[in-house]
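Coordinate inspection notes
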Amino acid sequence: AQITDIGLNTLFAVIGEKCPNLGELYLSNLASVTNVSCQVIYKFYQLFSQQTRLKIIVLNRNKFIDEHGVNTLNDVFRHRLVGEGENVRFFVAHCRIHPQLMVANDWDHRIKLEMPARMN
């Protein structure tokens, strides 16, 4: 069974309320992870940025995340939900992002379009 956007909403609520020390979350290659999932992540940082230690979220190879989802993730940084020194990073390698848009968008340097080093 695949996790859905609704399931992710529940997952992130539980992480925020019960698992503040979780540091990394891998949600790669899931057919049901979409741009809505990126909104769930944004909401998570709105609610729990002061309590959480979740610094790395890997969303690689999710074909229903495109530049709109990545823009939502970028808003976590643009709206300063996390500080520059907190080292939060989102990995979105091999998602459905048009190559020209990867260059054209002014995404924060913490949006990673490659695989994490230990996954290469």
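Residues numbered from 1 in each chain as written. Predicted model: local features only at pLDDT ≥ 70, side-chain atom pairs only at ≥ 80, totals over all residues. Heavy atoms only, no water.

1. Structural notes on the packing of helix α1 (residues 5–18) against helix α2 (residues 35–48)
Here is the rule we go by: To define axes, lines are fitted to C-alpha atoms, for helices over the stretch in contact only, and angles between the resulting N-to-C directions are given on a 0 to 180 degree scale. Each helix is a run of H or I in the DSSP string that is no shorter than four residues. Each strand is a run of E no shorter than two, and both are numbered from the N terminus. Geometric relationships in this document are graded by angle, where less than 35 degrees denotes roughly parallel, more than 145 denotes roughly antiparallel, 65 to 115 denotes roughly perpendicular, and other angles denote oblique. Here a crossing is called left-handed whenever its near helix is offset anticlockwise from the far helix by less than a right angle, and right-handed whenever the offset is clockwise. Note on contacts: a residue pair qualifies if any of its non-hydrogen atoms lie within 4.5 Å across the two residues. Under the convention adopted here, Pro, Cys and the residues Ala, Val, Leu, Ile, Met, Phe, Trp and Tyr are nonpolar, Asp, Glu, Lys and Arg are charged, and Gly plus all remaining residues are polar.
α2 packs onto α1 with a crossing angle of 20° between their chain directions and a minimal axis gap of 9 Å. It follows from the interaxial angle that α1 and α2 lie roughly parallel. Between α1 and α2 lies a crossing of right-handed hand. Residues Asp5, Leu8, Asn9, Phe12, Ala13, Ile15, Gly16 and Glu17 of α1 form the contact with α2, whose participating residues are Val36, Ser37, Val40, Ile41, Lys43, Phe44 and Phe48. The residue inventory of the contact of α1 with α2, partitioned by class, reads 9 nonpolar, 3 polar and 3 charged.

2. Some words on the environment of Leu54
Rules: Each residue gets one of three labels from its accessible area relative to the maximum for its type: buried under 20%, exposed over 50%, partly exposed in between, using a 1.4 Å probe on protein chains only.
Within the secondary structure layout, Leu54 lies in the loop between α2 and β2 (56–58). A relative accessible area of 0% means that Leu54 is categorised as buried. Not counting residues up to four positions away in its chain, the partners in contact with Leu54 are Phe12, Ile15, Leu22, Gly23, Glu24, Leu25, Phe44, Tyr45 and Val88.

3. Overview of the side chain of Ser32
Tracing the backbone shows Ser32 in the loop between β1 (24–26) and α2. Leave out the neighbours within four places in its chain, and Ser32 touches Gln2, Ile3, Thr4, Asp5 and Ser37.

4. Digging into α2
Cut-off, in case you're wondering: To estimate how far a helix should reach, multiply one less than its number of residues by 1.5 Å. Any pair of nitrogen or oxygen atoms within 3.5 Å is treated as a polar contact; in protein, a donor-acceptor pairing is required on top of that, and neighbouring residues in sequence qualify only through side-chain atoms on both sides.
Compared with an ideal rise of 1.5 Å per residue, which puts 14 residues at 20 Å, α2 spans 20 Å between its outermost C-alpha atoms and is within 8% of the ideal. Turning to α2, its buried residues number three or more, namely Asn35, Ser37, Cys38, Val40, Ile41, Tyr42, Phe44, Tyr45 and Phe48. Those residues of α2 hidden inside the fold are in contact with α1, β2, α3 (67–78) and β3 (89–91). For α2, the N-terminal cap is Thr34; the gap from its side-chain oxygen to the backbone nitrogen of Val36 is 3.1 Å.

5. Structural notes on the state of the cysteines
Defined as follows: Two cysteine sulfurs form a disulfide in these notes if their separation is within 2.5 Å.
Summed over the entire model, instances satisfying the criterion amount to 0 disulfides. Left without a disulfide partner, Cys38 is nearest to the cysteine sulfur of Cys95, which lies 7.7 Å away. Note on Cys38: relative accessible area 0%, which makes it buried. The class for Cys95 is buried, based on a relative accessible area of 12%.

6. As for the pattern of salt bridges
To keep it simple, the criterion reads: Salt-bridge detection follows one rule: a side-chain nitrogen of Lys or Arg within 4 Å of a carboxyl oxygen of Asp or Glu.
This structure, assessed with the given rule, holds 5 salt bridges. Taken together, the shared-partner salt bridges in this structure form one network comprising Glu84, Asp108 and Arg110.

Interpretation note: all reported values are geometric properties and have no functional meaning in isolation.
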